[in-house]
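# Descriptive analysis of the structure
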Amino acid sequence: MLKGKLKLPDKARRVFPDRLGSLVAGFDEKAEEDGASDLVFESGEELETIQPNGYGSSGGESGVEDFEEERVERVEPDLRVRQPRPERDGPGSVMAAIAADERRSDLEYEVNQPEVNLEKLQRIASLGLPDGGGLRATTWKLLLGYLPPSHDLWEKELTENRQKYAKLKEELLLSPSELAMKKGGAMSYCDPPADSAIDGPLKRREISPEDHPLSLGKASVWHQYFQHTEIAEQIDRDLPRTHPDLKFFSGESSFSRKHREALRNILLLFAKLNPAIRYVQGMNEVLAPLYYVFSTDPNEQNAVSDLPAANAEADSFSCFVRLLSDSVDHFCEQLDNSAVGILATLSHLSDLLKANDEELWRHLECTTQVKPQYYAFRWITLLLTQEFNFQCIMRIWDSLLGNPFGVQTTPQDMLLKICCAMLLCMKSRLMSGDFVANLKLLQHYPEINIEHLLQVARDISSESSSYRLSLPL
């Protein structure tokens, strides 16, 4: 791992340990470097995951949406996902509405305080954040450490980080010729003489072999630029499969194309800054909820704009870095068998299930031989983004990010508890199934009441076997 160069706030460092190495190498040091990097980047690699039920089909839209249509669609996008069946009017639904209003009021009050109480914010978020009003976007940024608790520092932090992201895009995503044109033709092949007429003869500019587009030298800026072609192609193949049932990401409208381009910029920049990790298939799924929440923020300063670096794109990049900092080792194949690799995490899930329901654990791992590697690999690495519909994913992430962080707990602990709860909630079906039936069930997890699932997860004991699941008859 390369030495980390991202300066995270102290709070964020405690909550999300930075094991990403050079996650955003150059945020603070890039301006001091002059010239090409001597890092040798390798091409991207794919993470072989089992696709759930296929992605479905996306209907392309023709024509260009005007500004007003795009504005309305951004603020109130059509999620086109299966929404929970509304409860019948009654005391239960009335009490739930009252509780939701109280949580919204508490949340609005807390995020508008001069100094945000993060512990209180975590407790509110763990019970679910309200849709609309930009509250989820602001809360996620606070919980990820992107925004500091002090409200007075928000504008300064946002401005600085967005400017740094714009600079990184300019230096790492533009081709050498585009960069030269942007800087006023500093590397132009032909320049008119200073004292000649506009239509006079051109003077050919001498260039070194290292600056030629066909140069194979490692120090050549063009060689480094072309070196990431395979990664870009892999990202381009994956992006159309990012939630194809949502108009926000799919289709050929200018609206959806703009969002896919923003995702591409973030993933490619991440890969270039992290040669030890690069891009791994599935990272697009992890990025999508962040970008969706931030770009649908009704606050114009935080959402998509026509600025050189869209604010939502810049914010999503920084929060994507912080989100992965707790689980990046799962994407490194060289660490699979280490204490921080994915196999160790799968073993922790197995131990957690055994501690809370040894009967189910024995049936899965001993009787039917359904190991966690067969189903939970995708659950954990992709943070459950392929197991549930988009609305449920955001609700689950509220609990993941809002999990109270103590000395002995991390976001990954809550993730493992949710994965364990997914097994416990399917106990009756799993106990009656064989290898084939159970594997199919867990690789294509059925619809479930998300609030019930999260309550089961919160009730799970991390150490003892005293937990017993009580399911309604």
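Quick caveat, the model's predicted, so the values are computed rather than measured.

The subject of this paragraph is the nonpolar core. One finds Met283, Phe320, Trp379, Phe388, Trp397 and Ile418 to be the most contacted residues of the largest nonpolar core, which totals 112 residues. Beyond its immediate chain neighbours, meaning those up to four positions away, Phe388 contacts Ile393, Ile396, Met422, Tyr445, Ile448, Ile450 and Leu453.

Another point: helix H20 (residues 450-459). Listed as buried for H20 are Ile450, Leu453, Leu454, Val456 and Ala457. Take H20 and look down its axis: the buried residues cluster within an arc of 155°, on one side only. The opening residue of H20, the one whose side-chain oxygen lies 3.0 Å from the backbone nitrogen of Glu451, is Asn449.

This part covers the environment of Ser432. Assignment of secondary structure puts Ser432 in the loop between helix H18 (427-431) and helix H19 (435-443). Owing to a relative accessible area of 63%, Ser432 belongs among the exposed residues under this scheme. A sequence separation of 69 residues divides Ser432 from His363, and the C-alpha atoms of the two residues are 9.5 Å apart. In terms of polar contacts, Ser432 uses its side chain to reach the backbone carbonyl oxygen of Ser428, at 3.3 Å.

Let's shift gears to the pattern of salt bridges. Opposite charge on two side chains makes pairing possible when the charged atoms of those side chains draw close. Going through the model one piece at a time under the given rule, you end up with 16 salt bridges. Across the pair Lys156 and Glu160 runs a salt bridge, and its minimum N-O distance is 3.1 Å. Here Lys156 and its partner Glu160 are both found in helix H6 (residues 154-172), four residues apart, which amounts to about one turn of the helix. Looking at Lys156, the relative accessible area reads 46%, which means it is partly exposed. Glu160 sits in the partly exposed class, given a relative accessible area of 29%. For Asp236, the salt bridge goes to Arg264, with nearest N and O atoms at 2.7 Å. One end of the pair, Asp236, is in helix H9 (residues 229-238); the other, Arg264, is in helix H10 (residues 254-273), with 28 residues separating them in the sequence. Several salt bridges share partner residues, and in doing so they unite Asp131, Arg136 and Asp398 into one network.

What follows is about the packing of helix H4 (residues 118-126) against helix H16 (residues 390-402). Two elements in contact, H4 and H16, have axes separated by 7 Å at closest approach and are oriented at 155°. The angle between the axes of H4 and H16 places the two elements in the roughly antiparallel class. Between H4 and H16 the crossing geometry is left-handed. Contacts from Gln122, Arg123, Ala125 and Ser126 in H4 reach Arg395, Asp398, Ser399 and Gly402 in H16. Classifying every residue of the contact of H4 with H16 gives one nonpolar, four polar and three charged.

On to the packing of H4 against helix H5 (residues 135-143), then. Orientation of H4 relative to H5, taken along the N-to-C sense of each, is 125°, at an axis distance of 11 Å. The orientation of H4 relative to H5 falls into the category oblique. H5 is crossed by H4, and the crossing has left-handed handedness. Between H4, through Leu118, Leu121, Gln122 and Ala125, and H5, the contact on the second element is made entirely by Thr139, Leu142 and Leu143. Class assignment for the residues of the contact of H4 with H5 results in five nonpolar, two polar and no charged.

Right, let's talk about unusual backbone geometry for a bit. The phi dihedral of His243 falls on the positive side, at around 45°, and the residue is not glycine. Following the sequence through the fold, His243 ends up in the loop between H9 and H10. Classification of His243 as buried rests on a relative accessible area of 9%. Although it is not a glycine, Leu383 sits at a positive phi angle of roughly 55°. You can see Leu383 is positioned in the loop between helix H15 (376-381) and H16. What makes Leu383 buried here is its relative accessible area of 9%.

As a further point, take the confidence of the model for the protein. Chain-level statistics for the protein give a pLDDT mean of 75 and a share of 62% at 70 or above. Scored below 50 in pLDDT, residues 80-88 shows 13 contacts in the model against residues more than four places distant or in partner chains.

A word on H5. Burial analysis of H5 places nine of its nine residues in the buried class, the great majority of the element. Every buried residue belonging to H5 is among Leu135, Arg136, Ala137, Thr138, Thr139, Trp140, Lys141, Leu142 and Leu143, and all of these are buried. Two residues or fewer past H5, Gly145 is found with a positive phi of approximately 80°.

Rules used throughout
- Residues numbered from 1 in each chain as written.
- Predicted model: local features only at pLDDT ≥ 70, side-chain atom pairs only at ≥ 80, totals over all residues.
- Heavy atoms only, no water.
- Core = buried A, V, L, I, M, F, W, Y, C linked by side-chain atoms within 4.5 Å.
- Buried < 20%, exposed > 50% of the residue type's maximum accessible area, 1.4 Å probe, protein only.
- Contact = heavy atoms within 4.5 Å.
- Helix = DSSP H or I, 4+ residues; strand = E, 2+ residues; numbered from the N terminus.
- Arc of directions from axis to C-beta.
- Polar contact = N/O pair within 3.5 Å; in protein donor to acceptor, adjacent residues only side chain to side chain.
- Salt bridge = Lys/Arg side-chain N within 4 Å of Asp/Glu carboxyl O.
- Axes fitted to C-alpha atoms, helices over the stretch in contact; angles between N-to-C directions.
- Parallel < 35°, antiparallel > 145°, perpendicular 65-115°, else oblique.
- Left-handed = near helix turned anticlockwise from the far one by under 90°.
- Nonpolar A, V, L, I, M, F, W, Y, C, P; charged D, E, K, R; others polar.
- pLDDT = per-residue confidence, 0-100.

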